[in-house]
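Below are the chains, spelled out letter by letter.
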Amino acid sequence: MTQETTTQTSGTPGGWYRYGVMFLYLEMFIAIAVSAYSLYMAFTGKGGFPGKH
Amino acid sequence: MKTHKVEQLVIATVGFFWCFLMWFSTAAFSPSIAAHYHLNIAELGLLASSAIWMAPIGRIIAGWAADRFGAPRTFAIILAGCGLVSIASAFTSSYEVLFIERVIVAIAGVSFVVGIQHVAQWFDASEIGTAEGLYAGTGNVGAGVGALVLPRLFGLDYQGAFLWLGVIALALAAWYLWRGEAARHETARHTARQSSDLRGTVFVWTRYIAIALMLAYAMSFGLEIAMNAWLPGYFSRGFHEAILALGFSSVVGVQIAAGTFAAVQSFSASLFRPFAGFMSDVFQRRGWTPMPFIAKTLPYAPRLHWLAIALILITLSMIALTIAGLAGSLPLSVLVLVLFGVFVSFGPGGTFALVPLLFPDRPGVAAGFIGGVSTAGGIVYPLIFAHSGNIHMGYLYAAVTMLIPFVLFYFWAARYERHPEEHGLFELPPPAAETEKA
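Keep in mind that this is a model prediction, so the values were computed, not measured.

(A) Examining the nonpolar core more closely. Among the nonpolar cores identified, the biggest contains 162 residues, and I33, Y135, M227, F235, Y381 and Y410 of chain B are the most heavily contacted of them. In contact with Y135 of chain B, not counting residues within four places along its chain, are L9, A12, T13, F16, F75, S111, F112, G115, I116 and V119 of chain B.

Structure below.
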């Protein structure tokens, strides 16, 4: 089966890499933001993310 | 067909995300299923446990099948099979039949190792940590998204949710077959196919380093899924008075507060996992080998050191959880739990940045063994937690009886400066291709 790809040398990450790293930073930001918000809600007695009690 | 490795990564990640969504969709609707069929507590517990049953043996078979038949075919069969049964379960009126169908749908959880094999067949050694981390971490979020979104989207209508989850799974199966390619190079595909025999499987299962990675995954991902099940009950019982003092007076309120504290661990563990793979790449590029005893000259030695650091941090945070609990401090316990969630993500991210490099000719078989057997941790840890007398002491008991021995075994297995995969329970000669690549 014929395939055409952009191949890199094994020593350096490809061009996609910086976008991949940006995406993982976004995921970390979401984790921190959701954790901070839900803990704020819980410790102030307002409920958990995203519901109420 | 023209394709790109990023497209293959996206296909695998979306497929895995959906499989995890289906895997935990039963749990998301267990209250409405229990109300519909008038289930008692024991039956509800049995229903909740059904998600884990197929994982250990299923992942072993799925990893082998990915090497043998290619990831696209294997993944498409899992998606289509689970999707069809999910659709069938939407029209079921007997609880016994529904239970069996949901156990079959839970097979979707085995897809993890198929995607690991797929990504490993496409990405270079220098970027494998980030690629595998993005795949596994983003896909893992499917479990949390299911718990948060599905009940809000469908309310009590679990039949409608199961129907749509199944229909979209069928569409994803067709997409995977249409655009998925098993490997970047035909030689890699051919090697994996040829290596998926019984001798190759026995070789992987008996290597000390494979056993060490399996235990590393058991003390990270295995512990993560165990904590998902354990933590809501832990907070509601261990910190009942403190939660009441926050203003959560009703049973539902205590449940929401305890669930929120528990969710922090699950969320962090999933979303920090790509970062853990990225850190493995950083260690590799910069040649960092700070740990004593562990090999320093192997081509992937820095990645071994990063995983060792992760395992030590997980163990320390487990001990800290006991200390915070015994101190009776809810804020301190939650703070330690946040750190635990981050550290526990380092283990899976670090493990699967190594597996394809250690066993390049049989990534599916290796991923199936390491990612499959280790899920039994999800059953074992809660048993230790529940039988420790003081509810806060369970973490310390688990750390002393399981985690510390696992870490010591990892240090011992990773000390070989030349081809750690040569060393195992039986003196099997390593396949020539693996020796050359290692």
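(B) Layout of the environment of G424 of chain B. Residues and elements named next belong to chain B. When you line up the elements, G424 lands in the loop between helix 22 (394-413) and helix 23 (432-437). Sequence separation between G424 and I209 is 215 residues, and the spatial gap between their C-alpha atoms is 7.9 Å. Non-local contacts of G424, meaning those with residues more than four positions away in its chain, are made with T206, R207 and Y208.

(C) Molecular detail of the state of the cysteines. The tally for this structure, following the rule as stated, stands at zero disulfides over all chains. Its sulfur unpaired, C19 of chain B is 6.3 Å from the next cysteine sulfur, which belongs to C82 of chain B.

(D) Main features of the packing of aromatic side chains. Following the criterion strictly, the structure yields 42 aromatic pairs over all chains and no others. Arranged with centres 4.7 Å apart and planes meeting at 25 degrees, the rings of F75 of chain B and Y176 of chain B form a pair that is stacked. Placement of the pair is F75 of chain B in helix 6 (residues 71-90) and Y176 of chain B in helix 10 (residues 158-179), with a sequence separation of 101 residues. Pairwise contacts between aromatic rings join W16, Y17 and Y25 of chain A together with F123, F272, F275, F278, F283, W288, W306, F343 and F346 of chain B into one cluster. Above the ring of Y19 of chain A, the side-chain terminus of R18 of chain A is found at 5.1 Å from the ring centroid.

(E) View of the interface of chain B and chain A. The interface of chain B with chain A comprises 42 residues on the first partner and 43 residues on the second. For the pairing of chain B and chain A, the buried interface totals around 3,500 Å² over both sides, and the portion due to carbon and sulfur atoms is 67%. Broken down residue by residue, the surface that chain B buries against chain A is led by F248, L271 and F272 of chain B, which jointly contribute 13%. Linking chain B to chain A there are zero salt bridges. Taken together, the links from chain B to chain A amount to four residue pairs in polar contact (both at pLDDT 80 or more). Top element by residues in the side of chain B that touches chain A is helix 15 (residues 251-271) of chain B. It accounts for eight residues. Residue composition of the side of chain B that touches chain A, by class: 24 nonpolar, nine polar and nine charged.

(F) Region of the structure containing the UniProt feature "domain: Major facilitator superfamily (MFS) profile" (unreviewed entry) in chain B. The UniProt record annotates "domain: Major facilitator superfamily (MFS) profile" (unreviewed entry) at residues 8-417 of chain B. Between the C-alpha atoms that bound residues 8-417 of chain B the distance is 34 Å, and the span itself is 80% helix and 0% strand.

(G) The arrangement of the side chain of S388 of chain B in detail. Residues and elements named next belong to chain B. Mapping S388 onto the fold places it in the loop between helix 21 (377-386) and helix 22. A distance of 2.9 Å separates a polar atom in the side chain of S388 from the backbone oxygen of F385. A polar atom in the side chain of S388 sits 3.4 Å from the backbone nitrogen of G394.

(H) Spatial organisation of the pattern of salt bridges. Residue and element names in this part refer to chain B. Under the counting rule described, the total for this entry stands at five salt bridges over all chains. A salt bridge links E127 to K5, with the nearest nitrogen and oxygen atoms 2.5 Å apart. Here the residue E127 occupies a position in the loop between helix 8 (111-120) and helix 9 (128-154), and K5 occupies one in helix 1 (residues 5-23), the gap between them amounting to 122 residues. Among the residues examined, E127 registers a relative accessible area of 0% and is labelled buried.

(I) Expanded view of the confidence of the model for chain B. With 97% of its residues at a pLDDT of 70 or more, chain B has an overall mean of 90. For this predicted complex, the interface score ipTM comes out at 0.84, alongside a pTM of 0.88.

(J) Focus on the packing of helix 13 (residues 208-238) of chain B against helix 21 of chain B. All names here are of chain B. The interhelical angle for the contact between helix 13 and helix 21, taken along N-to-C directions, is 60 degrees, at an axis separation of 7 Å. Taken together, the axes of helix 13 and helix 21 are oblique relative to one another. Seen from above, helix 13 lies across helix 21 with right-handed handedness. Across the interface between the two elements, A218, M219, G222, L223, I225, A226, M227 and W230 of helix 13 pack against G377, G378, Y381, P382, F385 and A386 of helix 21. The residue inventory of the contact of helix 13 with helix 21, partitioned by class, reads 11 nonpolar, three polar and no charged.

Reading guide: rules and limits
Residues numbered from 1 in each chain as written. Chains lettered and ligands numbered in written order. Predicted model: local features only at pLDDT ≥ 70, side-chain atom pairs only at ≥ 80, totals over all residues. Heavy atoms only, no water. Core = buried A, V, L, I, M, F, W, Y, C linked by side-chain atoms within 4.5 Å. Buried < 20%, exposed > 50% of the residue type's maximum accessible area, 1.4 Å probe, protein only. Contact = heavy atoms within 4.5 Å. Helix = DSSP H or I, 4+ residues; strand = E, 2+ residues; numbered from the N terminus. Disulfide = S-S within 2.5 Å. Phe/Tyr/Trp six-rings, centres within 6.5 Å; stacked < 30°, edge-to-face > 60°. Lys NZ or Arg CZ within 6 Å of the ring centre and 35° of its normal. Buried area = accessible area lost by both parts, 1.4 Å probe. Salt bridge = Lys/Arg side-chain N within 4 Å of Asp/Glu carboxyl O. Polar contact = N/O pair within 3.5 Å; in protein donor to acceptor, adjacent residues only side chain to side chain. Nonpolar A, V, L, I, M, F, W, Y, C, P; charged D, E, K, R; others polar. UniProt positions renumbered as here; feature names shortened; annotations may be inferred. pLDDT = per-residue confidence, 0-100. Axes fitted to C-alpha atoms, helices over the stretch in contact; angles between N-to-C directions. Parallel < 35°, antiparallel > 145°, perpendicular 65-115°, else oblique. Left-handed = near helix turned anticlockwise from the far one by under 90°.

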